[in-house]
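If you want the building blocks of each chain, they are given just below.
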Amino acid sequence: MEEVQIRISQGPLIRKVTVKTNTTILMMILLCMRTVRRMSRELQDEYNRQVEESEGFDITLDLTLGAGIGAPILPQRGNEGDPIFVDLSRRAIENFNSQNATTYRYVKNVTVNTSYAAGMWCYITFEARDADANATTDDDSSALKTFQALAWWGIDGERDVRYCRFKKPSTH
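Residue positions within a chain follow its written sequence, with the count starting from 1. Since the coordinates come from a predicted model, pLDDT governs what is reported: local features require at least 70, and pairs of side-chain atoms require 80 or more to be given and counted, while whole-chain, interface and lining totals use all residues. Hydrogens and water are ignored here; the side-chain numbers use all heavy atoms of the structure.

Novice: I'd like to hear about unusual backbone geometry, residue by residue, with values.
Specialist: Positive phi, normally seen in glycine, also occurs at A101, with a value near 50 degrees. Secondary structure is summarised from DSSP: a helix means a run of H or I of at least four residues, a strand means a run of E of at least two, and numbering begins at the N terminus for each. Position of A101 among the secondary structure elements: in the loop between α3 (83-100) and β4 (104-116). The class for A101 is exposed, based on a relative accessible area of 73%. Residues other than glycine seldom take positive phi values, yet A118 does so here, at roughly 55 degrees. Along the chain, A118 turns up in the loop between β4 and β5 (119-130). We call a residue buried when its accessible area falls under 20% of the maximum for its residue type, exposed when it is over 50%, and partly exposed in between, using a 1.4 Å probe and counting protein chains only.

Novice: I'd love a proper account of the pattern of salt bridges, names of residues and values included.
Specialist: Put simply, a salt bridge is a Lys or Arg side-chain nitrogen that is within 4 Å of an Asp or Glu carboxyl oxygen. Applying the stated criterion to the full structure yields 6 salt bridges. In this structure, E46 engages R49 in a salt bridge whose closest nitrogen and oxygen atoms are separated by 2.6 Å. Note that E46 and R49 are positioned in helix α2 (residues 41-54) at a spacing of 3 residues, about one turn of the helix. Overall, E46 belongs to the partly exposed group, its relative accessible area being 27%. By sharing partners, the salt bridges in this structure join E46, R49 and E53 into a single network.

Novice: Hey, could you go over the side chain of T125 for me, with residue numbers and the actual values?
Specialist: Assignment of secondary structure puts T125 in strand β5. Using a relative accessible area of 2% as the deciding quantity, one classes T125 as buried. In what follows, a contact means two residues having at least one pair of non-hydrogen atoms within 4.5 Å. The contact partners of T125, leaving out residues within four places of it in the chain, are F57, D58, N109, V110, T111, T146, F147, Q148 and K167.

Novice: Please give an account of the side chain of N109 that cites residues and values.
Specialist: Here N109 shows up in strand β4. Judged by its relative accessible area of 8%, N109 falls in the buried class. Here the side chain of N109 touches F85 through a polar contact of 3.5 Å, landing on its backbone oxygen. Contacts of N109, omitting those with residues within four sequence positions, involve E80, F85, V86, S89, I124, T125 and F126. Within 3.5 Å is the distance limit for a polar contact, defined as a pair of N or O atoms, with the added protein rule that one can donate a hydrogen and the other accept it, and that residues adjacent in sequence qualify only through two side-chain atoms.

Below, the structure is given as structure tokens:
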């Protein structure tokens, strides 16, 4: 455990909070902190449609101007390469390989969405390359596949991959 000061800005009010925590919990606190601004009804309907159709994996609303959304599943734009999410993706593809007798190798995370409850449910879309694919041309994109994984990272550090699958085709 270590003692850490966190600066929280809420409009004109700035508060400093001292937290005794370990690094795992600190990372989760920092990922949870965001400025929340209410979405319009139109954006909320679009968000709900995207969550329902993609099972939480493809939330494409453009909310990159410092606005967050008070919603159950939150996009983690710009944090896709965070070691937490990379680790979960690597675990997911290892599980997929052992269950399917394949040899895919993790390449990169494409999108990450999270939902919080005594930890994080992570909806991760990532790319992996088939190590067994014989590329007959200079372009070996046929060996690159997109996967979706639902993984849990608990506040106690527990990590669990619920499933890993090829990305489902979009209906829109």
